[in-house]
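# A closer look at the structure
Chain residues, written in single-letter form:
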Amino acid sequence: MKYVNPIIKGFYPDPSVCYANGKYYLVCSSFQYFPGVPLFESDDLVNFKQIGNVLTRKSQVELDKINSSGGVFAPTIRYNNERFYMVTTNDTTHKNFYVYTDDIYGEWSEPVYVDQGGIDPSLLFDGEKVYFTSNGTDDDGEGGVCQCEIDIKTGKKLSRTKCIWKGSGGRYLESPHLYKIGEYYYLMAAEGGTEYGHMITYGRSDSPWGPFENYSKNPVLTNRNKAPYIIQGIGHGDLIETPDGDWFILSLGFRQIHHWQPYHHLGREVFLTPVKWKDGWFTAGNDGTTEFEYEITGDFAQTRKTSYTFENTPWDIEWLYLRHPKKENYTLLPHKAILNGTEITLDMADTPTFIGLRQRDFKMDLSVSVEIDSGEGGVTVYMCENEHYDIAIKKNGEYYEAVLKLNIGDIKHIQNAVRLSDNKAQLVIKSDNFGYSFMVNDNGTTTSLGYGSAKYLSSEVSGGFTGVVLGLYAIGNNTAEFTDFTINYTDSNEREI
Ligand code: 6LW
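## Focus on the sheet that holds strand β20 (residues 247-255)
- An order of β19-β20-β21-β22 is seen for the 4 strands of this open sheet, with the pairing classed as antiparallel. Strands with a single pairing partner mark the edges of an open sheet, and in this sheet they are β19 (231-241) and β22 (281-284). Going from strand to strand, the sheet's axes swing by 35 degrees on average, the running direction of each strand aside.
- Direction of pairing for β20 relative to strand β21 (residues 269-278): antiparallel, over a ladder of 7 bridges.

Shown next as structure tokens:
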């Protein structure tokens, strides 16, 4: 079969994958969004369906007042002895912890904390031993990939934390995963930072503690020298073997808006790259790069969900809140969302009344009918509190208007305000690689409110680790009702840009 990258589109960074009971399970980071750590299932390693989230209770994850792109960093998922483990960092509290479940469709445990610093923790179950590996600094103050042995029942350290690898010389040595494959231990990691210089490197050893002999052609995978090319930033990956003995790296990467325009706003997405072994060393992709298309063994088709409605998108799986939501402000029905606004606005690193979906592709048509009593209610194309474009219905004295607000850093601009005949209207957003057109339909009359460029919502402008989320919101002590919500995506076919 032929598959096309990315296999999961939209803001789903830092993928980690495991195989259990005939299926693959994948997790990603989630930062300031709640619930935390999206969880996917797949039969074939190409088609992944989100089945839930790992961190669904406030007791599992502290997100109050955290900065955007703080909170839940890169997770690792592993399966051992009929139990799933997800280990991650809350970068705001600087704590590494894991949770576990025996039922992948059920709730996960309360956190078990491990007293080792750094980020990007990973677990290796090796017979009776469990190794806990992260980046950071060891007990003697040495920096690099650090490791200790833990008691998996309590999270207690059974050894000192020791620096086991310094990487291949790139900056930001991150995302270490230790594997036992055949007679060797392989330590794979990312270097270069999660930007255009991102790469995957590895070494091998006959001991989990090293010393690791570096692969002679590191990096084993990177798109840093591939230009002009849409797929960039390939790095931070996990290695997986299929039951047929084929090997792959699932990694993050991102799509620039154009070959010659180095901006990306959809976040870091999930890419699948074939791996080949020779003489105890592996290579990945096409001469160490990730391409759009691969032919792999398997008799199945790649399918994608391209249409999102309230009816086909359950409220408790793909929808996201900012930090810990005040649940009493949301009435989420099969065909309608009723949001109660507060004084918290979208410009604050706080918890506005907001519920959103990740933007999954460049070319999109979004429409929703909105009715408000007072205040403001609408849709935000949201990168973070500093960069977001908002289309809304707003009460202005005795009448209602449709507004478009563009917020780019210190510039907060009302682009347009059009008086409405009533307190309700249909809001429409159409996007392509380069930007968003905003329209309002008032009783059958459509008016353009303006345009916002995608590049100002990009990671290159905004910084941070997230991607654009399309959020329904309400502000003011008001009620906003949303109905007839649809998002339709068209395959952007970036190869032709
Ligand atoms: C993550 C680090 C990285 O912890 O970005 O891409 C950080 N790699 O490994 C946040 O996603």
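Additional details are given in the paragraphs that follow.
## Comments concerning the pairing of strand β38 (residues 479-490)
- Taken together, the 3 bridges between strand β24 (residues 307-309) and β38 define a ladder with antiparallel strand orientation. Looking at β38, one finds that Ser307 is bridged to Asn488.
- For strand β27 (residues 336-340) and β38, the ladder comprises 5 bridges, and the chain directions are antiparallel. When the sheet's bridge partners are listed, Asn340 is paired in β38 with Thr479.
- Across 9 bridges, strand β29 (residues 363-372) lies against β38 in antiparallel orientation. Among the inter-strand pairings, Ser367 is bridged to a residue of β38, identified as Thr486.

## A few points about the environment of Leu221
- Here Leu221 shows up in the loop between β18 (213-214) and β19.
- With 41 residues separating them along the chain, Leu221 and Pro262 place their C-alpha atoms 20 Å apart.
- When neighbours within four sequence positions are excluded, Leu221 is seen to be in contact with Met199, Ile200, Ile234, Ile249, Thr273, Ala284, Gly288, Thr289 and Thr290.

## Concerning the packing of aromatic side chains
- Taken as a whole and assessed by the stated rule, the structure comprises 38 aromatic pairs.
- Here a set of aromatic residues connected by ring pairs shows up, and it is made of Tyr184, Tyr186, Tyr202, Tyr215, Trp247, Trp277, Trp281 and Phe282.
- Cation over ring: Lys95 sits above Tyr113, and NZ or CZ is 5.4 Å from the ring centre.
- Above the plane of the ring of Tyr184 lies Arg204, whose end atom (NZ or CZ) is 3.9 Å from the centre.

## Quick notes on the site of the ligand
- In the vicinity of the ligand lie 13 residues, with Asp14, Asp120, Thr194, His236 and Arg268 positioned nearest.
- Measuring from an oxygen atom of the ligand, one finds a side-chain N or O atom of Thr194 at 2.9 Å.
- Arg268 places a polar side-chain atom, nitrogen or oxygen, 2.8 Å from an oxygen atom of the ligand.
- Protein contacts shield 99% of the accessible area of the ligand, which totals 290 Å² for the unbound molecule.
- Here the shell around the ligand is built from residues that sort into 6 nonpolar, 3 polar and 4 charged.

## Some words on the pairing of strand β36 (residues 445-453)
- Pairing geometry for strand β35 (residues 435-442) and β36, over 8 bridges, is antiparallel. Each bridged residue has a counterpart across the sheet, and for Gly435 the counterpart in β36 is Ser453.
- Here β35 folds back onto β36 in antiparallel fashion, the turn holding 2 residues, of which Asn443 has a positive phi close to 50 degrees.

## Considering the pattern of salt bridges
- For the structure shown, the criterion picks out 26 salt bridges.
- Asp64 is the salt-bridge partner of Lys58, the closest N and O atoms lying 3.2 Å from each other.
- A salt bridge links Glu291 to Lys226, with the nearest nitrogen and oxygen atoms 2.9 Å apart. Separated by 65 residues along the polypeptide, Glu291 in the loop between β22 and β23 (293-295) and Lys226 in the loop between β18 and β19 bring together distant segments of the chain.
- Owing to a relative accessible area of 18%, Lys226 belongs among the buried residues under this scheme.
- Via salt bridges that share partners, Lys9, Arg255, Glu269, Asp361 and Asp491 belong to a single interconnected network.

## Observations concerning the sheet that holds β18
- Read from one edge of the open sheet, 4 strands run β15-β16-β17-β18, paired in antiparallel fashion. A strand with exactly one partner marks an edge of an open sheet, and here the two such strands are β15 (174-181) and β18.
- As defined by bridge partners, β15 adjoins strand β16 (residues 184-191) across 6 bridges and the pair is classed as antiparallel. Within the sheet, the bridge partner assigned to Ile181 lies in β16 and is Tyr184.

## Comments concerning the domain arrangement of the protein chain
- Each assigned domain of the protein chain is listed with its residue range as follows: domain 1 (2-295) and domain 2 (307-496).
- Here domain 1 and domain 2 have C-alpha centroids that lie 32 Å from each other.
- Taken together, the contact between domain 1 and domain 2 spans 48 residues of the former and 41 residues of the latter.
- With both chains or domains summed, domain 1 and domain 2 bury close to 3700 Å², and 56% of this area falls on carbon and sulfur atoms.

## A word on the side chain of Gln256
- For Gln256, the position within the fold is in the loop between β20 and β21.
- Reaching out from Gln256, the side chain makes a polar contact with the backbone oxygen of His258 at a distance of 2.8 Å.
- Polar side-chain contacts of Gln256 include one of 3.4 Å to the backbone oxygen of Gln261.

## So, the state of the cysteines
- If you walk through the whole model with that rule in mind, you get 0 disulfides.
- Between Cys28, a cysteine without a disulfide, and Cys18, which holds the nearest cysteine sulfur, the sulfur-to-sulfur distance is 13 Å.
- With relative accessibility at 0%, the residue Cys28 sits in the buried group.

## Side note on unusual backbone geometry
- The amide bond that connects Phe34 to the next residue, Pro35, takes the cis arrangement and shows omega of -5 degrees.
- Position of Pro35 among the secondary structure elements: in the loop between β4 (33-34) and β5 (36-42).
- Looking along the chain, the bond that leaves Asn218 and enters Pro219 is cis, with omega of 0 degrees.
- Tracing the backbone shows Pro219 in the loop between β18 and β19.
- With a phi angle near 50 degrees, Asn21 is a residue other than glycine that sits in the positive phi range.
- Checked against the element boundaries, Asn21 lands in the loop between β2 (16-20) and β3 (23-27).
- Phi angles above zero are rare outside glycine, and His94 is one such case at about 60 degrees.

Thresholds applied
Residues numbered from 1 in each chain as written. Predicted model: local features only at pLDDT ≥ 70, side-chain atom pairs only at ≥ 80, totals over all residues. Heavy atoms only, no water. Pairing = 2+ DSSP bridges. Helix = DSSP H or I, 4+ residues; strand = E, 2+ residues; numbered from the N terminus. Axes fitted to C-alpha atoms, helices over the stretch in contact; angles between N-to-C directions. Contact = heavy atoms within 4.5 Å. Phe/Tyr/Trp six-rings, centres within 6.5 Å; stacked < 30°, edge-to-face > 60°. Lys NZ or Arg CZ within 6 Å of the ring centre and 35° of its normal. Near = heavy atom within 4 Å. Polar contact = N/O pair within 3.5 Å; in protein donor to acceptor, adjacent residues only side chain to side chain. Areas by Shrake-Rupley, 256 points an atom, 1.4 Å probe, with all protein chains shown as cover. Nonpolar A, V, L, I, M, F, W, Y, C, P; charged D, E, K, R; others polar. Salt bridge = Lys/Arg side-chain N within 4 Å of Asp/Glu carboxyl O. Buried < 20%, exposed > 50% of the residue type's maximum accessible area, 1.4 Å probe, protein only. Domains from an automatic or database assignment. Buried area = accessible area lost by both parts, 1.4 Å probe. Disulfide = S-S within 2.5 Å.

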